Amino acid sequence: SQQGEEDPQALSIQEGENATMNCSYKTSINNLQWYRQNSGRGLVHLILIRSNEREKHSGRLRVTLDTSKKSSSLLITASRAADTASYFCATRHDKIIFGKGTRLHILP
Amino acid sequence: EAGVAQSPRYKIIEKRQSVAFWCNPISGHATLYWYQQILGQGPKLLIQFQNNGVVDDSQLPKDRFSAERLKGVDSTLKIQPAKLEDSAVYLCASSLAPGTGDTQYFGPGTRLTVL
């Protein structure tokens with residue numbers, strides 16, 4: 001069974017706007033990672049947040065983690081056309097489990 | 001730094017045939033993963049190697065799938081015989097070592113179509 005569940009399944013926004021994706025999971029974790037997948041390509045690691053961390057930043061990315069609610073969010077600020085991709089959260093406890101992903105489409 | 005290499009990139013076979021995928025991880029990466037990604041879903045871990053030993057193969061359909069990592073470097077994943085539901089992208093990833101701080105680096109994948 002898949003641990004992480006992303007929400008929404010699909011998201012379309014105008015270029016320049018912010019995009020927020022959420023991930024919920026069911027059991028305790030060691031860390032949570034976000035990956036991006038462009039169409040027809042492999043996954044690219046974006047950011048890792050450990051279970052004892054609450055927020056991390058990397059460039060235009062901001063990730064939060066709420067272990068009490070078993071949820072995480074990924075915020076992409078000032079979106080660009082190149083951000084169009086699928087975004088997956090992956091939780092790690094004894095193994096890494098990916099969610100089904102959010103398909104993000106940036107409109108020109 | 002060279003990335004994770006996979007071949008072939010595309011493969012079309014008929015059901016009941018056999019197929020093999022090859023992966024060359026990033027140099028020095030001890031851990032290697034094979035994932036199956038069905039269209040519209042996230043990757044599902046099939047098998048994880050630490051050097052040439054199997055760490056986790058709990059989701060590998062062992063009646064038809066097999067994988068090996070000889071000498072702890074390259075790896076092959078084989079399906080024999082293939083079924084229609086095996087149509088998917090097979091992703092290989094590698095990382096320095098498992099644990100709370102590891103980052104997985106993915107190859108481009110092999111897209112398998114079973115007719």
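Computed from a predicted model, the values in this text were never measured in an experiment.

Thresholds, definitions, all that
Residues numbered from 1 in each chain as written. Chains lettered and ligands numbered in written order. Predicted model: local features only at pLDDT ≥ 70, side-chain atom pairs only at ≥ 80, totals over all residues. Heavy atoms only, no water. Contact = heavy atoms within 4.5 Å. Buried area = accessible area lost by both parts, 1.4 Å probe. Salt bridge = Lys/Arg side-chain N within 4 Å of Asp/Glu carboxyl O. Helix = DSSP H or I, 4+ residues; strand = E, 2+ residues; numbered from the N terminus. Nonpolar A, V, L, I, M, F, W, Y, C, P; charged D, E, K, R; others polar. Polar contact = N/O pair within 3.5 Å; in protein donor to acceptor, adjacent residues only side chain to side chain. pLDDT = per-residue confidence, 0-100.

**Comments concerning the interface of chain A and chain B**
Next, step 1: The partner chain B presents 22 residues to the 20 residues of chain A that form the contact.
Next, step 2: Roughly 1,600 Å² is buried in total at the junction of chain A and chain B, and carbon and sulfur atoms are behind 46% of that figure.
Next, step 3: The largest share of the area that chain A buries against chain B comes from A:L43, A:R92 and A:K95, three residues that together contribute 28% of it.
Next, step 4: If you look at where chain A meets chain B, you find 0 salt bridges.
Next, step 5: Of all the elements in the fold, those that place two or more residues in the side of chain A that touches chain B are β4 (31–37), β5 (43–50), β9 (85–92) and β10 (96–98) of chain A.
Next, step 6: Residues of the side of chain A that touches chain B, tallied by class, amount to 6 nonpolar, 9 polar and 5 charged.

**A word on the side chain of A:S73**
All names here are of chain A.
Next, step 1: Following the sequence through the fold, S73 ends up in strand β8 (residues 71–76).
Next, step 2: Among the polar contacts listed, one links the side chain of S73 to the side chain of T64, at a separation of 2.6 Å.
Next, step 3: Contacts of S73, omitting those with residues within four sequence positions, involve M21, N22, W34, R62, V63 and T64.

**Looking at the confidence of the model for chain A**
Regions with low pLDDT carry predicted coordinates that are not meant to be interpreted in detail.
Next, step 1: Summarising the model, chain A shows a mean pLDDT of 92, and 97% of its residues fall at 70 or more.
Next, step 2: When pLDDT is averaged over each helix and strand of chain A, the minimum, 84, is found for strand β1 (residues 5–7) of chain A and the maximum, 98, for strand β7 (residues 61–66) of chain A.

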